[in-house]
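Structural overview for review
Read off the chains here:
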Amino acid sequence: MADSARASRLAARIKVIVAEALRRRVKDERAEMITITDARVTNDLQHATIYYTVLAEDDAAKAGAEEVLAANQGALRHEVGRQLSIRLTPTLEFIADEIPESAAHLEDILRKAREEDERVRNLRGDADPLATDAYRSQGEPENEDR
């Protein structure tokens, strides 16, 4: 069993190899919109999970990218095996990376929160508090030992 440091180095190399192979070997215009974002290899170096994003927003382009990767999975694995000097070539699994969509959603939530904070700040303006101690009623005596 290999160590995790070797697996992470191999994953980084596989990421570069697959990205270059998509650019050079795959003769499909849909492959140009695919960006390889990350790769992970199991510690036994048998399986590689490759995460990708598609630069287009529509679902048809994303489905097309998935078809391109599925159709060229063997050629990409062959290229990985040819450029790596390991005994067994790992199987490749492609997974759409959801991080950019999640990050965009979080940015939208943070933008709305900043706008709401600004709205509340503008409403508050130069308002003064009603009393120095708003939690104490008017007729209640002060008790120090509470």
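In this text the structure is predicted, and so the values were computed from the model without any measurement.

Section: the pairing of strand S1 (residues 34-41)
Across 7 bridges, S1 lies against strand S2 (residues 47-54) in antiparallel orientation. Directly across from Val41, in S2, lies its bridge partner Ala48. Hairpin connection between S1 and S2: a loop of 5 residues separates the two successive antiparallel strands, and Leu45 in this loop has a positive phi of roughly 65°.

Thoughts on the nonpolar core
Core analysis: the biggest nonpolar cluster contains 29 residues, and Ile14, Val18, Leu22 and Leu76 have the highest contact counts within it. Here the element with the most residues in this core is helix H1 (residues 4-24); it accounts for 8 residues. With residues near it in sequence (within four places) discarded, Leu22 still touches Ala31, Ile34, Ile36, Leu69 and Leu76.

Quick look at the sheet that holds S2
Spatially, S1-S2-S3 is the arrangement adopted by the 3 strands of the open sheet, whose pairing is mixed. Among the strands making up the open sheet, the edge pair consists of S1 and strand S3 (91-96). Each strand of the sheet is rotated relative to its neighbour by a mean of 25°, with strand direction disregarded. Strands S1, S2 and S3 of the sheet are contacted by H1, whose axis makes an angle of about 155° with S1.

Some details on the packing of H1 against helix H3 (residues 73-83)
Two elements in contact, H1 and H3, have axes whose closest approach is 9 Å; the angle formed by their N-to-C orientations is 125°. Taken together, H1 and H3 sit at an angle that is classed as oblique. In terms of crossing hand, the pair formed by H1 and H3 is right-handed. Every residue of H3 that contacts H1 at Arg13, Ile14, Ile17, Val18, Ala21, Leu22 and Arg24 is listed here: Leu76, Glu79, Val80 and Gln83.

A closer look at the environment of Ala71
Within the element layout of this structure, Ala71 appears in helix H2 (residues 59-71). Separated by 45 residues in sequence, Ala71 and Val26 have C-alpha atoms that sit 9.7 Å apart.

Re the pattern of salt bridges
A complete count under the given rule lists 12 salt bridges for this structure. Residue Arg24 pairs with Glu79 through a salt bridge whose shortest N-O separation is 4.0 Å. Taken together, the residues Arg24 in helix H1 and Glu79 in helix H3 connect sequence positions 55 residues apart. Among the residues examined, Arg24 registers a relative accessible area of 37% and is labelled partly exposed. Exposure remark for Glu79: the relative accessible area of 2% places this residue in the buried category.

A look at unusual backbone geometry
Even without being glycine, Leu45 reaches a positive phi, approximately 65°. Checked against the element boundaries, Leu45 lands in the loop between S1 and S2. Assessed through its relative accessible area of 9%, Leu45 is described here as buried.

Cut-offs used in this document
- One numbering rule holds for all chains: residues counted from 1, following each sequence as written.
- For this predicted model, a pLDDT threshold of at least 70 governs which residues receive local features, and a threshold of 80 or more governs which side-chain atom pairs are given and counted, while totals over whole chains, interfaces and linings are taken from all residues.
- Derived side-chain values reflect all non-hydrogen atoms in the structure, with water molecules and hydrogen atoms excluded from consideration.
- Pairing between two strands is assigned when DSSP locates at least 2 bridges connecting them.
- Per the convention used, a helix needs a DSSP run of H or I reaching at least four residues, while a strand needs a run of E reaching at least two, with both numbered from the N terminus.
- In this text, buried Ala, Val, Leu, Ile, Met, Phe, Trp, Tyr and Cys residues form a nonpolar core when linked through side-chain atoms within 4.5 Å.
- Three exposure classes are used, based on accessible area relative to the maximum for each residue type with a 1.4 Å probe and protein chains only: buried under 20%, partly exposed in between, and exposed over 50%.
- Residue contacts are counted whenever heavy atoms from the two residues lie within 4.5 Å of one another.
- As a rule, the C-alpha atoms of each element are fitted with a line to give its axis, helices using only the stretch in contact, and angles between N-to-C directions run from 0 to 180 degrees.
- The cut-offs work like this: below 35 degrees is roughly parallel, past 145 is roughly antiparallel, 65 to 115 is roughly perpendicular, and the gaps in between are oblique.
- Definitions for this section: a left-handed crossing has its near helix turned counterclockwise from the far helix by less than a right angle. A right-handed crossing has that turn clockwise.
- By convention in these notes, a salt bridge is any Lys or Arg side-chain nitrogen within 4 Å of a carboxyl oxygen on Asp or Glu.

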